[in-house]
Amino acid sequence: MQSSLGPEASNNGNWGPLVTRKSVMRSGLAALLVAPFTASSLVAGRGQESGGSEDESSDWAEGRGATDEEIVLGVSAAFSGPSRGLGTELYRGAMAYFNHVNGNGGIEGRRVSLRLYDDGYQPDPCVQNTMRLMLEDKVFSLFGYVGTPTVTRVLPILKKFQDEKIFLFFPFTGAQPQREPPYGEFAFNLRASYNQETAGLVDNLVQIGRRRIAVFYQIDAYGRSGWAGVRAALDKHGERLAGEATYSRGEKFTGSMRKQVEILQGVSPDAVICIGAYAACAAFARDAVDLGLEVPIANLSFVGSENLLKLLTEGQDDAERYTRQLINSQVVPSYEDTSIPAVQEYRDLMARYDPQVPADLVQEEYAPFPHSFGSLEGFLNAKLMGEILRRLGPNPDRAGLEEAIFSIEDFDLGISERVSFSPDRRQGLQSVYHTVVEDGRFVPLDDWGARFG
Amino acid sequence: MRIRRLFKWTRFGIFAVFGLIVLSTSILCIYTVDTELSAEYEVNTQNIAKTIADSSAGILLNQNLATLQSLVDQFLEVQGIRYIYITSETGEFLAHTFVPGIPEEILESEHSNTAPVERSLPGMGDFIEVGSPILAGVAGTVHVGMDLDVVALKIQRAIGQQVYLISVMLLIAVLASIWFVNLAAKPLGELLAYAVELAKDGENDELGERDLLARDDEVGHLARLFLHVSRQGGGRGLPANTSGTE
């Protein structure tokens with residue numbers, strides 16, 4: 001196994017301790033003794049899953065990633081920084097389901113726990129966390145990662161260690177790299193892709209006569225993925241991007257997006273599609289309205305709709321002014337629609353468990369939402385993950401993961417769309433939903449023409 | 001002592017020669033470092049552009065633009081590189097690193113050009129941009145912009161370190177020359193004082209017992225010669241205004 005990841009100097013204390021050659025050499029012994037239980041950011045479940053015996057640790061050291069009592073999934077996600085809401089919401093939804101499973105005897109008697117590390121939505125820490133999860137923590141699988149720039153950098157690691165059969169399950173990104181060769185075989189996706197989301201937005205906008213579509217995007221792999229999706233969708237309509245403006249990952253809502261708005265005003269777009277995170281996209285929407293760019297502003301699911309809405313409305317006398325042009329694409333149905341069985345189950349379990357991000361990982365204040373698209377997605381991810389683990393039988397082994405997931409055919413997650421996987425189909429859901437803001441919340445958009453025509 | 005005046009021009013000469021050495025070495029150093037480092041940065045930038053071009057060929061053919069952008073972002077971490085952009089064979093920008101948008105000058109430039117070109121981009125600074133074709137240009141071109149201010153800073157730092165070293169050496173050399181001159185001037189001063197005393201009172205027996213006379217160098221020889229001449233000359237005195245001291 002590769003054992004070195006470079007210096008520890010860049011750690012900054014924001015994420016779990018880094019892997020070094022020395023530490024990896026020690027990892028077997030560390031796993032036997034204390035390492036799995038002493039990392040500051042180590043968390044499993046809501047605390048009750050965090051314990052474990054030395055016998056369990058020895059099993060990890062042997063590489064199974066599962067013991068008689070526990071199956072550990074590794075998570076690297078944004079729990080700090082301007083995008084911390086994304087990791088937090090996804091985690092909360094997933095833990096609501098896993099807590100429910102664990103409270104009912106677990107899967108084949110094993111509880112499911114998550115080992116968490118914070119990457120702040122930055123690629124390098126994500127790579128370091130992944131190496132730690134794989135080499136030191138020896139988790140069963142990777143699960144619920146957040147973001148394209150982070151996941152894109154992790155995929156080559158999965159390829160490097162492909163013999164270990166460590167797969168990435170259900171990352172919170174719709175980008176293409178984990179859906180296509182050469183890395184597509186190492187990840188399984190539940191959500192629809194950005195290509196599907198952008199195509200849905202473009203098709204509907206063009207249909208109502210808004211053909212001049214510009215893009216505001218995060219200048220990284222995520223932004224480029226969405227940019228490419230919009231470009232491809234426009235190409236089908238014989239159109240080209242009307243213009244583009246960019247911002248750097250990590251921008252805050254307090255930052256100015258006036259230059260970006262002015263650039264796009266210069267091309268007189270009929271609509272703008274934003275590919276970014278909530279803080280920057282909210283800042284753009286705010287500045288667009290303030291500068292008189294009164295066109296539909298669409299966002300992808302990754303944006304974090306509730307956080308976007310909160311930033312645009314909190315403390316505003318005329319909040320509707322900033323939100324009436326918003327169109328948010330979603331990859332899960334509305335969490336307000338309790339006629340959907342999975343939504344009702346999600347709401348019940350969120351109310352019962354109300355999972356919180358472990359205090360060790362909380363560096364900045366964040367008030368989670370009782371319900372959100374992000375936590376619903378996390379819930380559905382966990383529900384499907386639970387089903388896969390069940391299908392592994394009484395002796396879970398990574399080697400059986402592919403067979404287990406490919407056995408999922410027309411599986412009912414509790415939403416209208418059924419889930420299927422196969423070697424040629426590594427994305428479970430295909431549906432995209434469109435929402436707009438009414439009465440301070442996102443509701444389904446039924447009539448594009450009436451609203452934006 | 002008066003005798004030090006003999007070495008005034010010597011000291012000045014040493015200082016002037018060393019100053020000339022420092023000046024000429026510094027000029028040569030500045031020229032060499034500037035030329036070499038500039039060329040090295042340009043070559044490095046070209047190598048980076050070529051590396052990206054080689055790496056991105058397969059990615060481009062698969063139209064995997066997210067991976068392409070990820071690749072570009074990683075190279076942006078190299079010190080001095082301020083922007084990278086990749087254009088298709090038709091001139092479309094497939095990946096770039098510009099915020100808040102692509103500058104007009106770059107939008108209007110010849111996208112297939114790979115020759116080094118100096119650019120001044122408003123709000124960004126001055127750059128040297130080099131290009132590298134992807135699959136001989138049929139799949140597009142990679143352009144890498146190196147920040148000239150960073151290059152200049154590096155060059156200044158390298159030159160500064162060399163000039164600093166040379167200046168320290170000059171200072172040591174001047175101080176050493178002063179010390180050596182003083183070392184040579186001290187016995188000459190004693191010899192001069194001795195000669196004056198001989199001229200004033202050559203018959204004084206005490207003058208024949210000085211340590212100076214025991215030296216076996218030129219100063220000792222001269223002291224003994226002065227004593228001998230003084231004794232033979234009957235101790236004729238010197239003019240009253242020859243004090244022998246400063």
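Residues numbered from 1 in each chain as written. Chains lettered and ligands numbered in written order. Predicted model: local features only at pLDDT ≥ 70, side-chain atom pairs only at ≥ 80, totals over all residues.

(A) Looking closely at the overall build of chain A. Each helix and strand counted, chain A has 17 helices and 14 strands in total. Out of the 453 residues in chain A, the part that is buried amounts to 57%. Within chain A, counting contacts between residues at least 6 apart in sequence, those at least 24 apart form 76% of the total. (Helix = DSSP H or I, 4+ residues; strand = E, 2+ residues; numbered from the N terminus. Buried ≥ 20, exposed ≤ 12 C-beta atoms within 10 Å, placed from the backbone. Contact = placed C-beta atoms within 7 Å.)

(B) Up close: the overall build of chain B. When helices and strands are counted, chain B shows five helices and five strands. Sequence-ordered secondary structure for chain B, helices as α and strands as β, is α-α-β-β-α-β-β-β-α-α. Against the globule reference of 18 Å for 246 residues, chain B gives a C-alpha radius of gyration of 37 Å, more extended than a compact globule. Counting only C-alpha atoms and orienting by the principal axes, one finds that chain B spans roughly 110 × 30 × 25 Å. Every one of the 246 residues in chain B was classed for burial, and the buried ones make up 24%. The contacts of chain B with a sequence gap of at least 6 include a subset with a gap of at least 24, amounting to 62%. (Rg over C-alpha atoms; globule rule 2.2 N^0.38 Å.)

(C) Main features of the confidence of the model for chain B. Summary statistics for chain B give a mean pLDDT of 85 and a share of 92% for residues scoring 70 or more. Across the interfaces of the predicted complex, the ipTM metric reaches 0.81, alongside a pTM of 0.79. (pLDDT = per-residue confidence, 0-100.)

(D) Focus on the packing of helix α8 (residues 194-207) of chain A against helix α9 (residues 221-236) of chain A. Residue and element names in this part refer to chain A. Relative orientation of the contacting elements α8 and α9 amounts to 45°, with a least axis distance of 8 Å. Between α8 and α9, the angle is such that the two are oblique. As α8 runs across α9, the sense of the crossing is right-handed. Contact with α8, carried on its side by Tyr194, Asn195, Thr198, Ala199, Val202 and Asp203, involves Ser225, Gly226, Gly229, Val230, Ala232, Ala233 and Leu234 of α9 and no other residues of that element. Tallied by class, residues from the contact of α8 with α9 come to seven nonpolar, five polar and one charged. (Axes fitted to C-alpha atoms, helices over the stretch in contact; angles between N-to-C directions. Parallel < 35°, antiparallel > 145°, perpendicular 65-115°, else oblique. Left-handed = near helix turned anticlockwise from the far one by under 90°. Nonpolar A, V, L, I, M, F, W, Y, C, P; charged D, E, K, R; others polar.)

(E) Spatial organisation of the nonpolar core. Counting residues in each nonpolar core, the largest one holds 166 residues, and the members touching the most others are Ile273(A), Cys281(A), Ala282(A) and Phe284(A). Two domains each provide a minimum of three residues to this core, namely domain 1 (21-191 + 340-419) and domain 2 (194-330 + 433-452) of chain A. With six residues, the next largest nonpolar core counts Tyr194(B), Ala195(B), Leu198(B) and Leu207(B) among its residues. (Core = buried A, V, L, I, M, F, W, Y, C linked by C-beta atoms within 7 Å. Domains from an automatic or database assignment.)

(F) Here's a closer look at the domain arrangement of chain A. Residues and elements named next belong to chain A. Partitioning chain A into domains gives domain 1 (21-191 + 340-419) and domain 2 (194-330 + 433-452). Taken residue by residue, the interface counts 18 residues in domain 1 and 21 residues in domain 2. Looking at the side of domain 1 that touches domain 2, the elements with two or more residues in it are α5 (84-103), α7 (148-160) and α15 (373-391). The element that contributes the greatest number of residues to the side of domain 1 that touches domain 2 is α7, accounting for three residues.

(G) Highlighting the sheet that holds strand β9 (residues 297-299) of chain A. Residue and element names in this part refer to chain A. Read from one edge of the open sheet, seven strands run β7-β6-β8-β9-β10-β13-β14, paired in mixed fashion. Lying at the two open borders of the sheet, with one neighbouring strand each, are β7 (243-247) and β14 (441-444). For this sheet, the mean inter-axis angle between neighbouring strands, taken without regard to orientation, is 25°. In terms of strand pairing, strand β6 (residues 213-218) meets strand β8 (residues 271-275) through five bridges, oriented parallel. Bridge pairing links valine 215 to isoleucine 273 in β8. Sheet contacts for helix α10 (residues 258-265): β6, β7 and β8; angle to β7, the most-contacted strand, approximately 175°. (Pairing = 2+ DSSP bridges.)

(H) Molecular detail of the interface of chain B and chain A. Tallying the contact residues gives 13 residues for chain B and 22 residues for chain A. For the side of chain B that touches chain A, the element with the highest residue contribution is helix α2 (residues 65-75) of chain B, accounting for six residues. When the residues that make up the side of chain B that touches chain A are grouped by side-chain class, the tally is six nonpolar, six polar and one charged.

(I) Representation of the pairing of β8(A) in the model. All names here are of chain A. Counting buried positions along β8 gives five out of five residues, so the element sits mostly inside the fold. With burial as the criterion, each face of β8 is covered, one bearing Ala271, Ile273 and Ile275 and the other bearing Val272 and Cys274. Direction of pairing for β8 relative to β9: parallel, over a ladder of three bridges. Residue pairing in the sheet places cysteine 274 in a bridge with asparagine 299 of β9. Considered for its hand, the β-α-β crossover made up of β8, helix α11 (residues 278-290) and β9 is right-handed. (Right-handed = clockwise from strand over helix to strand, strands pointing away.)

(J) Highlighting the environment of Pro171(A). Residues and elements named next belong to chain A. Relative to the assigned elements, proline 171 resides in the loop between β4 (168-169) and β5 (187-188). Overall, the presence of 28 C-beta atoms within 10 Å leaves proline 171 in the buried class. In this structure the C-alpha to C-alpha distance between proline 171 and leucine 90, which are 81 residues apart in sequence, comes to 9.9 Å. In contact with proline 171, other than residues within four places in its own chain, are Tyr145, Val151, Gln178, Ala187 and Asn189.

(K) Quick peek at the confidence of the model for chain A. Scored by pLDDT, chain A has a mean of 87; 86% of the residues are at 70 or more. Every residue in residues 1-61 of chain A scores below 50 in pLDDT, and together they form 110 contacts with partners more than four places removed in sequence or on other chains.

(L) The sheet that holds strand β1 (residues 70-77) of chain A, seen in detail. Ordered in space as β2-β1-β3-β4-β5 (chain A), the five strands form an open sheet in which the pairing is parallel. Unpaired on one side and paired on the other, β2 (111-118) and β5 of chain A mark the two borders of the sheet.

(M) Just the packing of α7(A) against α9(A), in detail. Residues and elements named next belong to chain A. Contact geometry of α7 with α9 gives a least axis separation of 7 Å together with a crossing angle of 100°. By the angle between their directions, the pair α7 and α9 is classed as roughly perpendicular. Across from Thr148, Pro149 and Thr152 in α7, the residues of α9 making contact are Ala221, Tyr222 and Ser225.

(N) Molecular detail of unusual backbone geometry. The step from Pro181(A) to Pro182(A) runs through a cis peptide bond, and the omega angle for that step is 10°. Residue Pro100(B) is bonded to the preceding Val99(B) through a cis peptide linkage, with omega at 5°. Here the phi dihedral of Lys138(A) falls at roughly 50°; this positive angle occurs in a residue that is not glycine. Checked against the element boundaries, Lys138(A) lands in the loop between α6 (123-136) and β3 (141-143). The backbone of Asp439(A) sits at a positive phi, close to 55°, despite the residue not being glycine. As for its position among the elements, Asp439(A) is in the loop between β13 (433-438) and β14.

(O) Geometry of the pairing of strand β4 (residues 125-134) of chain B. All names here are of chain B. Pairing geometry for strand β3 (residues 117-121) and β4, over five bridges, is antiparallel. Each residue of the ladder has a partner; that of leucine 121, found in β4, is glycine 125. In this structure, the hairpin formed by β3 and β4 is closed by a connection of three residues, where glycine 123 is found at a positive phi of approximately 80°. As judged from the eight bridges shared by β4 and strand β5 (residues 140-147), these two strands associate in the antiparallel manner. Note that in β5 the partner of glutamate 129 across the bridge is glycine 145. Here β4 hands over to β5 after five residues, with leucine 135 in that stretch at a positive phi of 50°.

(P) Structural context of α5(A). For α5(A), with 20 residues, the first-to-last C-alpha span of 28 Å sits near the 28 Å given by 1.5 Å per residue. Two residues or fewer past α5(A), Gly105(A) is found with a positive phi of approximately 95°. (Expected span 1.5 Å × (residues − 1).)

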